Amino acid sequence: MDYEAEQIVLLFFPEHHNVTLKSTLSVSGGKTYVTSEADILTKKGKHTESMDGTDLSKRDLGNLVKRSAYFALSPLSPLPAPWGILTGVRPAKLVRILMEEGKTEAEVRQILRDVYLADEDKINLAVSVALEEGRHPRNRKNVCVYIGIPFCPSRCSYCSFISGTGAVATQEEYVRLLLLEIKRTGEIIRELGLSLKAVYIGGGTPTSLSVSLLEKLHSGICDFLQVQENMEFTTEAGRPDTVTPEKLQILKQYGTNRISINPQTMHDETLRRIGRRHTAQQFLDAFSMAREAGFDNINTDLIAGLPGEDFSMYCHSLETILSLSPESLTLHTLYIKRASALRQSGEPVIQVPEVADMLACTYRSVTEKGYLPYYMYRQKATVGNLENVGYAKPGTESFYNTVTMTDCAHIFALGAGGVSRLLLPDKVERVFNFKHDDGYTHDFDEVLRRKEQFYKINQLM
Ligand code: SF4
């Protein structure tokens, strides 16, 4: 009960200061009751929720606790809660579970509205994502390969990933070892008879590698993984200042057919503030360079809730990006882990209601233009418990992104910090690479040894 109640406290009081909440369970007359009493300095709130039955399922009992806490706390907080009591990192998962239990779409919508107290926009979002996810059933014969490049030209102030700028020699050694790992992985994929469905090179910023290292990496991937034409192959080109015609040509030559160029905002002042060493114009230039190079599947990332940005600034960024008609747009809500420089700097963080409006406005603007939400997740420290959503024009969705949400195929993750996900018959097992690129290069024998764990997926195949 404590966990459920705490989720709701965090929803309304993210900093958790001076909040006391006591939830009490009782049973009487064939019903279960939960009473929550909240105390925030001088303000108090109390609410009792009940449900028929005395032997409730874990889910029903958890919801009862959350609802009573929600109604006790919501009058005391200025923060909106558009997701109601639907907490957790994958909000669409509940929709899929309810549908798998045999509920119709109309019934699911009603449950989200009446039991989970979600807004209509969020219900539309969750149902839309769940329907898209449902198109990809679990298949233990399929695999995606993720390759991490832990280098960036500078560090964004909101970033808590393991990335560094990396001296040239460090990068060379890293790519040399990474290619060995890719080679061994390719052999394992063939020995297990798996079908490679997608390759995703992320980071960090893969295009921060030099032209020659980028070429070595991509040519190695093609050879060792035997990349087929038309297979989904994404290379993140996140920082526009790392994109050049030569690098784009290499990506194209070796089969990359989806790239991601990420402005995050179209305001130079914000870009400076968050430590990104590029301008909005550099993003526009990189985007048109990519189009000229023949890329017809480009994703762009945008962040809602950046410091110093209000609703109209955000809308300007969104409209500018949409005017370019990228195939997909990933909208992130600012996520500040404790380790990030932004949190340590004490920069004022934008108000949750304004970020919620940004997200709602995005949903309406992009769906009007024909994009559909197809993957969604939340992170625990995200401002206001709000979501990150991948929108795409139909037919340009990234299968890899869907797999990260649904575990419908194996993910073999290579490079520093990679976390592989093996679909065993009854569970998903994670295999971790060393988090730090130093650990990765210094103990590479162990990195290779852990690859042998991939054979576990043969059990009961
Ligand atoms: S580009 Fe991404 S990985 Fe690199 S510093 Fe910025 S947020 Fe971190």
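Residues numbered from 1 in each chain as written. Predicted model: local features only at pLDDT ≥ 70, side-chain atom pairs only at ≥ 80, totals over all residues.

Participant: Break down the overall build of the protein for me, with residues and values.
Facilitator: Helix and strand counts for the protein stand at 16 helices and 14 strands. The C-alpha atoms of the protein give a radius of gyration of 23 Å, which matches the 23 Å a tight globule of 461 residues would have. Principal-axis analysis of the C-alpha atoms gives the protein an extent of 70 × 55 × 40 Å. Here the protein holds 461 residues, and the buried ones make up 46% of them. Once local pairs closer than 6 in sequence are excluded, the contacts in the protein between residues at least 24 apart make up 73%. (Helix = DSSP H or I, 4+ residues; strand = E, 2+ residues; numbered from the N terminus. Rg over C-alpha atoms; globule rule 2.2 N^0.38 Å. Buried ≥ 20, exposed ≤ 12 C-beta atoms within 10 Å, placed from the backbone. Contact = placed C-beta atoms within 7 Å.)

Participant: Describe helix H1 (residues 2-12), and please don't skip the residues or the numbers.
Facilitator: All of the buried residues along H1 are Glu4, Ala5, Gln7, Ile8, Leu11 and Phe12. For H1, the angular spread of buried residues about the axis comes to 150°, placing them on one side. Residues Asp2 and Tyr3 are exposed on H1 and point more than 90 degrees away from its buried face. The inward-facing, buried residues of H1 abut strand S1 (19-28), strand S2 (31-40) and helix H2 (58-73). (Arc of directions from axis to C-beta.)

Participant: So, the environment of glycine 30: which residues are in play, and what are the values?
Facilitator: Note that glycine 30 resides in the loop between S1 and S2. Owing to 8 C-beta atoms within 10 Å, glycine 30 belongs among the exposed residues under this scheme. When the C-alpha atoms of glycine 30 and threonine 54 are compared, they prove to be 5.8 Å apart, with 24 residues separating the residues in sequence. For glycine 30, the residues in contact, after removing those within four places along its chain, are Asp52 and Thr54.

Participant: Kindly report on the nonpolar core, identifying the contributing residues and their values.
Facilitator: Of all hydrophobic cores here, the largest spans 61 residues; its most connected members are Ile8, Ala69, Leu73, Ala126, Val129, Ala304 and Leu359. Tallying contributions element by element places helix H13 (residues 352-368) first for this core, with seven residues. Sequence-distant contacts of alanine 69, that is, excluding residues within four places in its chain, are made with Ala5, Ile8, Leu21, Ser23 and Ser36. Of all hydrophobic cores here, the second largest spans 54 residues; its members include Val199, Leu209, Leu225 and Ala413. (Core = buried A, V, L, I, M, F, W, Y, C linked by C-beta atoms within 7 Å.)

Participant: Describe the pairing of strand S5 (residues 195-203), naming the residues involved and giving the relevant values.
Facilitator: Side-chain direction in a regular strand flips from residue to residue, so the side chains alternate between the two faces of the sheet. Of all nine residues that make up S5, eight are buried, and the element is covered over most of its length. Across eight bridges, strand S4 (residues 142-149) lies against S5 in parallel orientation. From the neighbouring strand, valine 143 faces S5, where its bridge partner is leucine 196. Taken together, S5, helix H7 (residues 211-225) and strand S6 (residues 232-236) form a β-α-β motif whose crossover is right-handed. (Pairing = 2+ DSSP bridges. Right-handed = clockwise from strand over helix to strand, strands pointing away.)

Participant: Quick rundown of the packing of H1 against H2? Include the residues and the values.
Facilitator: It is at 8 Å that the axes of H1 and H2 come closest, and there the two elements cross at 30°. Put simply, H1 runs roughly parallel to H2. Considering how the two elements wind past one another, H1 and H2 form a crossing that is right-handed. Together, Glu4, Ala5, Gln7, Ile8, Val9 and Phe12 of H1 and Gly62, Val65, Lys66, Ala69, Tyr70 and Leu73 of H2 make up the contact between the two elements. For the contact of H1 with H2, the per-class residue count stands at eight nonpolar, two polar and two charged. (Axes fitted to C-alpha atoms, helices over the stretch in contact; angles between N-to-C directions. Parallel < 35°, antiparallel > 145°, perpendicular 65-115°, else oblique. Left-handed = near helix turned anticlockwise from the far one by under 90°. Nonpolar A, V, L, I, M, F, W, Y, C, P; charged D, E, K, R; others polar.)

Participant: For the pairing of S2, give the residues involved together with the corresponding values.
Facilitator: For S1 and S2, the ladder comprises ten bridges, and the chain directions are antiparallel. By the bridge assignment, serine 26 is partnered in S2 with tyrosine 33. Hairpin geometry of S1 and S2 is characterised by an intervening segment of two residues between the two adjacent antiparallel strands and by a positive phi of about 55° at glycine 29. Pairing analysis gives ten bridges linking S2 to strand S3 (residues 43-52), with the strands arranged antiparallel. In the strand pairing of S3, threonine 32 is matched with methionine 51.

Participant: How would you sum up the domain arrangement of the protein? Please name residues and give values.
Facilitator: Taken domain by domain, the protein consists of domain 1 (1-75) and domain 2 (142-414). Domain 1 and domain 2 are separated by 39 Å when their C-alpha centres are compared. (Domains from an automatic or database assignment.)

Participant: Before we move on, could you go through the packing of helix H11 (residues 311-323) against H13 and cite the residues and values that matter?
Facilitator: Contact geometry of H11 with H13 gives a least axis separation of 10 Å together with a crossing angle of 25°. When the axes of H11 and H13 are compared, the pair comes out roughly parallel. With respect to the hand of their crossing, H11 and H13 are arranged in right-handed fashion. Contacts between H11 and H13 involve Phe311, Tyr314, Cys315, Leu318 and Leu322 from the first element and Glu354, Asp357, Met358, Cys361, Thr362, Ser365 and Val366 from the second. A per-class count over the contact of H11 with H13 returns eight nonpolar, two polar and two charged.

Participant: Can you tell me about the sheet that holds S2, naming the residues and giving the values?
Facilitator: Note on sheets: strands pair through backbone hydrogen bonds, and any given pair is parallel or antiparallel. Spatially, three strands are ordered S1-S2-S3 in an open sheet, and the strand pairing comes out antiparallel. Strands at the two margins of the open sheet, each flanked by one partner only, are S1 and S3. Going across the sheet, the axis of each strand differs from the next one's by a mean of 15°, ignoring polarity. Seen against the sheet, H2 touches S1, S2 and S3 and runs at an angle of roughly 150° to S3.

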